[in-house]
Amino acid sequence: MSVTTPHRTLHSIAVAAPAEVVYGIVADVTKWPQYFAPNVHVEHLEKDEGSERIHIWALANGTVKNWVSRRTLDPAALTVTFRQEVSAPPVAAMGGTWVVSPVDGGSSLLELHHDFAAVDDDPAGVEWITAAVDRNSGAELGNIKELAERYHELDELVFSFEDTVEMAAEGKDVFDFLDRADLWPERLPHVVRLDLTEDEPGVQVMAMDTSARDGSTHTTESVRVVFGPDRIVYKQTTVPGLMTAHTGSWTIVPGTDGVRVTSRHTVTLKPSAVEKILGAGKTVADAREYVHKALSTNSTNTLKLAKAHAEALRG
């Protein structure tokens, strides 16, 4: 591969929030999958006070890409610089800087600078990268603006919970049950349809129809990253109407006589949809309870069926 021509872009947005709030959102990369639509999952590989090395999985033009980046954080200057160490074709090199500039005490300007090169300087590659950078940058800046301007509400809108089941089973059998989601329509009564593709080992893209107790059917689309044999993480890329984001994980750890399996969810609620879906007078607190119960019920049912399946194999 050869790199010949650097390309540069700049995207910016005005934010009606203090610069320190905006910088805090940019700096905390662990929450990006919850906050930014294109981001699926982030793993820290290294981290110290002023820098971090991260592995990112994200959607680019509808395709799941992953890469390793190093970021340098400067809270005094309100900047975060980043550089991909390992890029995914057609990207040959990619880097840039987030810059937050205070306008006054309650507003700021957020700029996102990119520089990139395409593999072999291919014009089609340049076009593909430019489109992905434009789309993702616009989405990320818009999301940061919305989050920063509603920052005081996030504690109420974003919440996490988990369910754990002890299983007298082998971890590999439980993992197989969770990993083989393509078999869920045969194994899980609430799954009506599931289409799964795995073009890259360990990266699963799935579309699923589930039936609710009231007889309605809900369609979700997800990307799962499989860290077998003890962890699968996922992000729903198409979510039910009450949410703006839903991420989660399945983890398997040794237990007293087998394994402990945990399903964890993190949800961001959509306040404008609460009364439309749940009825007049319903609140965000009602939505939290409703979503928690629905997701927890499905997760627990899945865990119980995984337990029966895996324990039968062990027996």
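Shown above is the structure to which this text applies.
No experiment lies behind these values; they were computed from the predicted model shown. (Residues numbered from 1 in each chain as written. Predicted model: local features only at pLDDT ≥ 70, side-chain atom pairs only at ≥ 80, totals over all residues. Heavy atoms only, no water.)

Visitor: Even after reading the chapter, I still don't get the environment of T217, so can you show me in this structure?
Guide: Tracing the backbone shows T217 in strand β11 (residues 217-227). We classify T217 as partly exposed; its relative accessible area is 49%. Measuring from C-alpha to C-alpha, the distance between T217 and H190 comes to 9.4 Å, with 27 residues separating the pair along the chain. If we skip the residues at most four places from it in the chain, T217 touches D209, T210 and S211. (Helix = DSSP H or I, 4+ residues; strand = E, 2+ residues; numbered from the N terminus. Buried < 20%, exposed > 50% of the residue type's maximum accessible area, 1.4 Å probe, protein only. Contact = heavy atoms within 4.5 Å.)

Visitor: What is the right way to look at helix α5 (residues 171-179) in this model?
Guide: Given 3.6 residues per helical turn, the α-helix brings residues three or four places apart onto the same face. Counting buried positions along α5 gives 7 out of 9 residues, so the element sits mostly inside the fold. Burial in α5 covers these residues: G171, D173, V174, F175, F177, L178 and D179.

Visitor: Help me understand the packing of aromatic side chains, please; the structure alone is not making it clear to me.
Guide: The geometry of two aromatic rings is summed up by the distance between their centres and the angle between their planes. Considering all chains together, one arrives at 5 aromatic pairs under this definition. An angle of 85° between the planes, with centres 5.5 Å apart, marks the rings of W57 and F227 as edge-to-face. Of the two residues, W57 sits in strand β3 (residues 51-60) while F227 sits in strand β11, which places them 170 residues apart along the sequence. The interplanar angle of 75° and the centroid separation of 6.4 Å between the aromatic rings of W184 and W250 together place this pair among those described as edge-to-face. With W184 in helix α6 (residues 184-187) and W250 in strand β13 (residues 243-255), this pair connects stretches of sequence that are 66 residues apart. Ring pairing ties together the aromatic residues W32, F36 and W98, which thus form one cluster. (Phe/Tyr/Trp six-rings, centres within 6.5 Å; stacked < 30°, edge-to-face > 60°.)

Visitor: Explanation requested: the pattern of salt bridges in the structure shown.
Guide: Opposite charge on two side chains permits them to pair, given that their charged atoms come into close proximity. Evaluation of the coordinates by the stated rule reveals 21 salt bridges. A salt bridge links D173 to K172, with the nearest nitrogen and oxygen atoms 3.3 Å apart. Since its relative accessible area comes to 13%, D173 is described here as buried. Residue class for K172 comes out exposed when judged on its relative accessible area of 59%. (Salt bridge = Lys/Arg side-chain N within 4 Å of Asp/Glu carboxyl O.)

Visitor: What is the right way to read the sheet that holds strand β8 (residues 158-167) from this model?
Guide: Adjacent strands of a sheet form backbone hydrogen bonds with each other and so pair up, either parallel or antiparallel. Judged by pairing direction, the sheet is antiparallel, and its 7 strands sit side by side in the order β8-β14-β13-β12-β11-β10-β9 without closing on themselves. The sheet is open, and its two borders are formed by β8 and β9 (191-200), each paired with just one other strand. Across the sheet, the axes of successive neighbouring strands diverge by a mean angle of 20°, strand direction being ignored. The pairing of β8 with strand β14 (residues 258-269) spans 10 bridges and is antiparallel. The residue bridging V158 from the neighbouring strand is T268, located in β14. Sitting on the sheet, α5 is in contact with β8, β10 (203-211), β11, β12 (231-238), β13 and β14, with an inclination near 160° to β13. Those strands touched by helix α8 (residues 284-314) are β8, β13 and β14, and its axis lies near 20° from that of β8. (Pairing = 2+ DSSP bridges. Axes fitted to C-alpha atoms, helices over the stretch in contact; angles between N-to-C directions.)

No statement about biological role is implied by the geometric values presented.
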